[in-house]
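Below, each chain spelled out in residue letters.
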Amino acid sequence: MILTDYLRATPDLTWDIARQCGVTQGTIRLPEDDRFDVTSLSDLRTVIDRFQSAGIKPIIVEPLPNELHDHIKIGDEKRDWAIERFIALMKNMHEVGLETVCFNFMAHYGWTRTKTDIPERGDALVTGFKLADFKADDFALTEEALWDNYFYFINAVLPYAEKYQVKLALHPDDPPLPKLGNTARIFTSLNAIEKGIRTIPSEYLGVTFCQACYWLMGESIPEAVERLKDRIFFIHFRNVRGEKTDFSETFHDNGMLPMAEIMKLYKDHGINVPVRVDHVPTMQGEKGLNAGYDALGRLYAIGYLKGILEALDINERR
Ligand SMILES: [Mn+2]
């Protein structure tokens, strides 16, 4: 496995923590301001150079920039413009050695939580979701329209993903519910994920295996790993407690998923891909400004993940 961490495009405490934990490969979030043009190779090189001068080699982009992807998922009048820009981004990714883009197909609502301050062990705070507390707006999108928008996107970009050797790694819906308000969600089961990545077979279309999403779907993790193993491009190391209509994140060693066992599953199936820790608690002294992505929780989680990788002798250095 290749240990990475999720890092924003400008240096902050998480950069230092990642470097000090020995992380040398980055999963990067591209800048989201008017000064960054997603189609500009020189703008991308500036970001890459900033990471490399800090000792981190960016290998994954996460997420597909929302300024493009929101139009693609909803299928509005800017969709083709957004797809053209994404194709230009993939060309530039190839130039700078970015191998993978983690994308999702959650329209309108995206990653959704109803609380960001649920007490976890020792009064650390975590995010959670409770369907009963979710407040929907008036937006509506059918399941059929969302599938159409998905395949419209895949048909348009996959030839270029192959040409530029950029892996498209589909993240499941979080939470994995069939709809939020009147907006359908489609990647909420293992069968749907397989339909999404195997209808048009390609070595460049696969998944981000966000393990807790599969668990919350009610899927068997061993079965999901077995069925997806040839198309797992990236792993989100994540633990939760509860069920899909009412759950909270946890410390990585304090949820319902057996983390070391799951890592051994990946090893037993020969899966050797980048991995990063997902949502972490906000710890003592932190302000929770980036709920789920604060620094101290990552420090703990990266150490825990690295310990498991080393115990299984799968901590690949490159
Ligand atoms: Mn995830």
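Up top is the structure.
Read on for an overview of the structure. Model, not experiment: these values are computed from the prediction. (Residues numbered from 1 in each chain as written. Predicted model: local features only at pLDDT ≥ 70, side-chain atom pairs only at ≥ 80, totals over all residues. Heavy atoms only, no water.)

Okay, empty space enclosed by the protein next. Under the criterion given, the structure shown has one cavity of 30 Å³ or more. Reported here for the largest cavity is a volume of approximately 30 Å³. Around the largest cavity, the lining residues are Arg29, Leu30, Pro31, Glu32, Pro63, Pro65 and Asn66. (1 Å grid on protein atoms, 1.4 Å probe; cavity = no way out; pocket = protein on both sides within 12 Å on 5 of 7 lines; lining within 4 Å. Points joined across faces, edges and corners; volume = space filled by probe spheres on them.)

Further remarks concern helix α10 (residues 295-311). Along its 17 residues, α10 runs 24 Å from first to last C-alpha, staying within 8% of the 24 Å computed at 1.5 Å per residue. Of the positions making up α10, those classed as buried are Ala295, Gly297, Arg298, Ala301, Ile302, Leu305, Ile308 and Leu309. Along the long axis of α10, the arc covered by the buried residues comes to 140°, so they all point the same way. Positive backbone phi, at 55°, marks Asp313, one or two positions downstream of α10. (Helix = DSSP H or I, 4+ residues; strand = E, 2+ residues; numbered from the N terminus. Expected span 1.5 Å × (residues − 1). Buried < 20%, exposed > 50% of the residue type's maximum accessible area, 1.4 Å probe, protein only. Arc of directions from axis to C-beta.)

Quick look at the nonpolar core now. Tyr150 and Phe209 are the most contacted members of the largest nonpolar core, which totals 96 residues. By residue number, the principal contributor to this core is helix α5 (residues 143-163), which donates nine residues. In terms of nonpolar packing, the next biggest core, distinct from the first, is built from seven residues, Ile2, Ile59, Ile60 and Phe233 among them. (Core = buried A, V, L, I, M, F, W, Y, C linked by side-chain atoms within 4.5 Å.)

Here we come to the coordination of the manganese ion. Those protein atoms acting as donors to the manganese ion are His171 (NE2), Cys210 (SG), His236 (ND1) and Asp278 (OD), and they sit at 2.1 to 2.5 Å. Read in sequence order, the donor residues for the manganese ion give the motif H-x38-C-x25-H-x41-D. Note that His171 is positioned in strand β8 (residues 167-171) and His236 in strand β12 (residues 232-237), a separation of 65 residues in sequence. Both residues of the pair, His171 and His236, belong to the buried class. (Donors = N, O, S within 2.8 Å, 3.2 Å for Na, K, Ca; no water.)

Attention now goes to the packing of aromatic side chains. This structure, assessed with the given rule, holds 20 aromatic pairs. Ring centres 6.1 Å apart and planes at 45° place the aromatic pair Phe129 and Phe134 in the tilted group. Owing to a relative accessible area of 1%, Phe129 belongs among the buried residues under this scheme. Centroid distance Phe237 to Tyr304: 6.0 Å. Interplanar angle 45°. Geometry classified as tilted. (Phe/Tyr/Trp six-rings, centres within 6.5 Å; stacked < 30°, edge-to-face > 60°.)

Spatially, the four strands line up as an open sheet ordered β5-β6-β14-β13, and their pairing is antiparallel. Because the sheet does not close on itself, it has two edges, and the strands there are β5 (115-120) and β13 (240-243). Taking each pair of neighbouring strands and ignoring which way they run, the sheet shows an average axis angle of 30°. Bridge count for β5 against strand β6 (residues 124-130) is four bridges, and the pairing is antiparallel. Residue Glu120 lies in a different strand from β6, and its bridge partner there is Ala124. (Pairing = 2+ DSSP bridges. Axes fitted to C-alpha atoms, helices over the stretch in contact; angles between N-to-C directions.)

The packing of two helices is summarised by the inter-axis angle and the distance between the axes. Between helix α8 (residues 221-228) and helix α9 (residues 259-268), whose axes approach to 10 Å, the crossing angle comes to 25°. Judged by the angle between their axes, α8 and α9 are roughly parallel. α8 and α9 meet at a crossing whose hand is right-handed. Contact residues: α8 offers Ile221, Pro222 and Val225, while α9 offers Ile262, Leu265 and Tyr266. For the contact of α8 with α9, the class distribution of residues is six nonpolar, no polar and no charged. (Parallel < 35°, antiparallel > 145°, perpendicular 65-115°, else oblique. Left-handed = near helix turned anticlockwise from the far one by under 90°. Contact = heavy atoms within 4.5 Å. Nonpolar A, V, L, I, M, F, W, Y, C, P; charged D, E, K, R; others polar.)

Relative to the assigned elements, Phe105 resides in the loop between β4 (100-104) and β5. Here the alpha-carbon distance between Phe105 and Ile197, two residues 92 residues apart in the chain, equals 12 Å.

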